[in-house]
Amino acid sequence: MSLNLSALAVRERSITVFLIFLIAVAGTLAFFQLGRAEDPPFTVKQLTVITAWPGATAQEMQDQVAEPLEKRLQELKWYDRTETYTRPGLAFTLVSLVDRTPPSQVQEEFYQARKKLQDEALKLPAGVIGPMVNDEFSDVTFALFALKAKGEPQRLLVRDAEALRQRLLHVAGVKKVNIIGERPERIFISFSHDRLATLGVSPQDIFAALNSQNVLTPAGSIETNGPQVFLRVDGAFDKLAKIRDTPLAIQGRTLKLSDVATVERGYEDPATFLVRNNGEEALLLGVVMREGWNGLDLGKALDAETSKINEGMPLGMTLTKVTDQSVNIDSAVGEFMVKFFVALLVVMIVCFLSMGWRVGVVVAAAVPLTLAVVFVVMAATGKNFDRITLGSLILALGLLVDDAIIAIEMMVVKMEEGYDRIKASAYAWSHTAAPMLSGTLVTAIGFMPNGFAQSTAGEYTSNMFWIVGIALIASWVVAVAFTPYLGVKMLPDIKQVEGGHAAIYNTRHYNRFRQVLTRVIARKWWVAGTVVVTFVVAILGMGLVKKQFFPTSDRPEVLIEVQMPYGTSIEQTSAATAKVEAWLQKQDEAKIVTAYIGQGAPRFYLAMAPELPDPSFAKIVVLTDSQEAREALKFRLREAAAEGLAPEARIRVTQLVFGPYSPFPVAYRVMGPDPSKLREIAEQVQGIMQASPLMRTVNTDWGPLTPTLHFTLDQDRLQAVGLTSNAVAQQLQFLLAGVPITAVREDIRSVQ
């Protein structure tokens, strides 16, 4: 006797009822426990490497530092390319693995990259600092909070930020909290060289006095019958007064440092990174969520904690929200729930009108049961609610009732032929189970390329195949097991139709359809030709359809890039950015304006990448209320930029896009050994692109050459007066930019 799952489900009613109840309860629990995230996780196959060599030219950084590191990185198994940006004293290298790198191999590749770089670091020229590797490039900032206090020095605000960081770290679901925008503190010692010369004091004497008093040296310990007693020698600097009172022995006299110099607090000058929120300097606290956590729960917990924090803050200090992924997650989940109930309502109405209300209830019950199975499988396999899984569920909603309708329709037809409801329910398995399963698998296979594509885009969209496939197979199981049982319980008594099977299909509509079908079959070659022609026309028509694999995001942020000529100081970049900020503050659509000057914004959205440090670059993130407001502000800002809002800068206005990050829709790479020839070819490519009417702006990552002032020294005369090129360079550095002497240890910070 062959297995008939439909008959078995009807016969073993208690087990069937128990399974329906169990699946409903487990699915409900899984729905509320599944993690919520804005985007599906995908592996960012990039890491950054920073190296420094004070005093080196950009060319020396390229030849002596970046070149050997790049060659060593080429030994990686999944190596694709490196992109290195050098400027005097610094080199930034972005290492990219090939797109088909298995996600499970990425961390191993990063580990191998660290090992190879550490080995190569021993061969770099003396004085090179690094390489410093950042392989946590993919951390997504779940929420950003701006900490501001008018009139409070930033060094004190940083201490407040550290206290808030510890409070936020205790919120369930928080992985880590980053302080963004801190400007390193400095203590400046300024003196007159003329006065030093009069007193017979050299700067080196001052340096030696400061270092000798502040150096951290162990003073030994005393062994006693009790505990070991460590000796501590006082004198280390912890206040400005101690620095000012540093004794200087000069020609038999002792002077204080304050007699010959001024000691003042300040900040890194020039700055390397600045953050402004709504036109005011601010510190940002970036919260990173734990993997697989419920983003909605974390959003509520952060709101509750920040409310408590603000209640206890002193007057004038505020902690305000800049970005919050939970808002977008809530919108996505809410959209799914609306579409779910709409789909369920449509199915029920159609079934009510065509089959009666009882049949409609049986068919509609298949949807929540199927989704419950899907939620349980998602929880078991570690999948979360995100943009792709929710979209896949919405896509599958229209397919979930197909098998249930076929099963219940077969049961109704058999009852009209005279079968009792128990025997009629068995036909869902014996006659329709195999065809339904075949159709289900064919539909699921249509999404297979997404599930097995060896690329970042495939990894991003892979759950589309798995969720749709699981949902369709679950709907088939529900249709052949639970729908027949529900039909037995809920279908009304259906009278037998006189004449049996032939009479059921001998109606006006069926006869008319039979006539049309007969004519189509009789003219099979005409029909086949029409199908082929229609298919060809459809293929040709694809050329008229706009092609975009990942659409524009529905998030309301406007992204503005302010690019000054390469080599521009951060002060000039800040001034140009301030013009754009001032214009934005006057626009009704701009609710929150945050400017990042000197590098890009933190990764607050998975499908974006922070720009590398560059004093000539700034990024402004503007939060609006809606997509409509975003589009209006975006186009108006482009017009303002074209009319000369900040003519000294190149302003690019964009928005977020779904899918893996791609900074430009179209990009060309020009490679070769001769920089001059590269510039010439790049200008030709740029000219061709600018001639296209489809282009709005054309950007290059090589700007104009920046000037350098060369000192030509007479080595004979230098030697005659007891100087060297090294001494001259140090003296110029000392006079123009200053040199670090020692570090003051203040609580959790070390101040140069």
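As the structure is a prediction and not an experimental result, all values here were calculated from the model. (Residues numbered from 1 in each chain as written. Predicted model: local features only at pLDDT ≥ 70, side-chain atom pairs only at ≥ 80, totals over all residues. Heavy atoms only, no water.)

Draft legend 1. Representation of the overall build of the protein within the structure. Secondary structure summary: the protein contains 27 helices and 22 strands in total. Out of the 752 residues belonging to the protein, those deemed buried represent 42%. With the model as given, the accessible surface of the protein reaches about 41000 Å², and the carbon-plus-sulfur share is 59%. (Helix = DSSP H or I, 4+ residues; strand = E, 2+ residues; numbered from the N terminus. Buried < 20%, exposed > 50% of the residue type's maximum accessible area, 1.4 Å probe, protein only. Areas by Shrake-Rupley, 256 points an atom, 1.4 Å probe, with all protein chains shown as cover.)

Draft legend 2. Region of the structure containing the sheet that holds strand β19 (residues 617-623). Overall, antiparallel pairing links the six strands, which are arranged β14-β13-β18-β19-β17-β20 in an open sheet. This sheet does not close on itself; its edge strands, each paired only once, are β14 (280-281) and β20 (650-655). Its contacts with the sheet put helix α23 (residues 570-585) on β13 (274-277), β17 (557-563), β18 (592-597), β19 and β20, and the angle it makes with β18 is roughly 170 degrees. The sheet strands contacting helix α24 (residues 627-642) are β17, β19 and β20, and the helix crosses β20 at an angle near 165 degrees. (Pairing = 2+ DSSP bridges. Contact = heavy atoms within 4.5 Å. Axes fitted to C-alpha atoms, helices over the stretch in contact; angles between N-to-C directions.)

Draft legend 3. Representation of the packing of helix α12 (residues 357-381) against helix α19 (residues 456-490) within the structure. It is at 8 Å that the axes of α12 and α19 come closest, and there the two elements cross at 140 degrees. Here α19 runs oblique to α12, going by the angle between their axes. Considering how the two elements wind past one another, α12 and α19 form a crossing that is right-handed. Mapping the contact onto sequence places R358, V361, V362, A365, A366, L369, T370, V373, V374, V377 and M378 in α12 and I467, I470, A471, A474, S475, V478, F482, T483, L486, G487 and M490 in α19. (Parallel < 35°, antiparallel > 145°, perpendicular 65-115°, else oblique. Left-handed = near helix turned anticlockwise from the far one by under 90°.)

Draft legend 4. How the structure looks around the nonpolar core. Residues L147, L285, L302, L319, F375 and F385 are the most contacted members of the largest nonpolar core, which totals 67 residues. With 11 residues, α12 is the single largest residue contributor to this core. Residues within four places of L285 in sequence aside, it is in contact with A143, L144, F145, A161, L164, L168, V177, N178, I179 and L319. (Core = buried A, V, L, I, M, F, W, Y, C linked by side-chain atoms within 4.5 Å.)

Draft legend 5. Local environment of the pattern of salt bridges. Tallied over the full model, the rule gives 20 salt bridges. Close ionic contact of K321 with D324 constitutes a salt bridge, the shortest N to O distance being 2.9 Å. Overall, K321 belongs to the partly exposed group, its relative accessible area being 32%. A salt bridge links E561 to R652; the shortest N-O distance between them is 3.3 Å. Residue E561 is located in strand β17, and its partner R652 is located in strand β20; the two are separated by 91 residues in the primary sequence. (Salt bridge = Lys/Arg side-chain N within 4 Å of Asp/Glu carboxyl O.)

Draft legend 6. How the structure looks around the pairing of strand β5 (residues 141-149). Most of β5 sits inside the fold, with nine of its nine residues counted as buried. Both β5 and strand β15 (residues 283-289) contribute to a ladder of six bridges, which runs antiparallel. Considered in β15, the bridge of T141 is made with V288. In the sheet, β5 pairs with strand β16 (residues 317-324) via seven bridges, with the strands oriented antiparallel. When the sheet's bridge partners are listed, L147 is paired in β16 with L319.

Draft legend 7. Layout of the environment of V666. Tracing the backbone shows V666 in the loop between β20 and α25 (675-690). As for V666 and V698, which are separated by 32 residues in sequence, their C-alpha atoms are 9.8 Å apart.

Draft legend 8. Structural view of the packing of aromatic side chains. Applying the stated criterion across every chain, the model contains three aromatic pairs. Seen in terms of ring centroids, F31 and F32 are 5.2 Å apart; in terms of plane orientation they differ by 85 degrees. Their pairing is edge-to-face. Accessibility expressed as a relative area gives 14% for F31, which makes it buried. With a centroid separation of 5.4 Å and 45 degrees between ring planes, the pair formed by F31 and F375 is classed as tilted. With a gap of 344 residues between them, F31 in helix α2 (residues 13-33) and F375 in helix α12 connect regions that are remote in the sequence. The exposure classification of F31 matches that of F375, with both residues buried. Through a chain of ring-to-ring contacts, three or more aromatic side chains come together here, namely F31, F32 and F375. Across the ring face of F635, the terminal group of K634 is positioned such that the distance to the ring centre comes to 5.2 Å. (Phe/Tyr/Trp six-rings, centres within 6.5 Å; stacked < 30°, edge-to-face > 60°. Lys NZ or Arg CZ within 6 Å of the ring centre and 35° of its normal.)

Draft legend 9. Molecular detail of α23. Here α23 spans 22 Å end to end across 16 residues, near enough to the 22 Å set by a 1.5 Å rise per residue. Of the positions making up α23, those classed as buried are I570, T573, S574, A576, T577, V580, E581, W583 and L584. For α23, the elements touching its buried residues are β13, β17, β18, β19, α24 and β20. (Expected span 1.5 Å × (residues − 1).)

Draft legend 10. Main features of the sheet that holds strand β6 (residues 174-180). Spatially, β6-β15-β5-β16 is the arrangement adopted by the four strands of the open sheet, whose pairing is antiparallel. With partners counted over all chains shown, the strands left at the sheet margins are β6 and β16, one partner each. Strand-to-strand twist of the sheet, defined as the mean angle between neighbouring strand axes without regard to direction, takes the value 20 degrees. In the packing of helix α10 (residues 295-311) onto the sheet, the strands contacted are β5, β6, β15 and β16, and the crossing angle to β5 comes to about 10 degrees.

Draft legend 11. Examining empty space enclosed by the protein more closely. What the rule picks out here adds up to one cavity of 30 Å³ or more. In this structure, the largest cavity spans a volume of roughly 30 Å³. Lining the largest cavity are V322, T323, I592, T594, V621 and L623. Contributing elements (two or more residues each) for the lining of the largest cavity: β16, β18 and β19. Here the residues of the lining of the largest cavity are counted per class, giving four nonpolar, two polar and no charged. (1 Å grid on protein atoms, 1.4 Å probe; cavity = no way out; pocket = protein on both sides within 12 Å on 5 of 7 lines; lining within 4 Å. Points joined across faces, edges and corners; volume = space filled by probe spheres on them. Nonpolar A, V, L, I, M, F, W, Y, C, P; charged D, E, K, R; others polar.)

Draft legend 12. Highlighting the side chain of T624. Note on placement: T624 falls in the loop between β19 and α24. Polar side-chain contacts of T624 include one of 2.6 Å to the backbone oxygen of P556. A polar side-chain atom of T624 sits 3.2 Å from the main-chain carbonyl oxygen of S626. Leave out the neighbours within four places in its chain, and T624 touches P556, V558, E589, K591, A629, R630 and L633. (Polar contact = N/O pair within 3.5 Å; in protein donor to acceptor, adjacent residues only side chain to side chain.)

Draft legend 13. Looking closely at a nonpolar patch on the surface. A surface patch of nonpolar side chains, amounting to about 600 Å² of accessible area, comprises L441, I445, M448, F452, W466, I473 and V477. Residue assignment for the nonpolar patch shows that the elements contributing at least two residues are α17 (433-445), α18 (448-452) and α19. The leading source of residues in the nonpolar patch is α19, at three residues. Residue position: F452 is located in helix α18. (Patch = residues over 30% accessible without salt bridge, like charges linked within 9 Å, V, L, I, M, F, W, Y side chains within 5 Å.)

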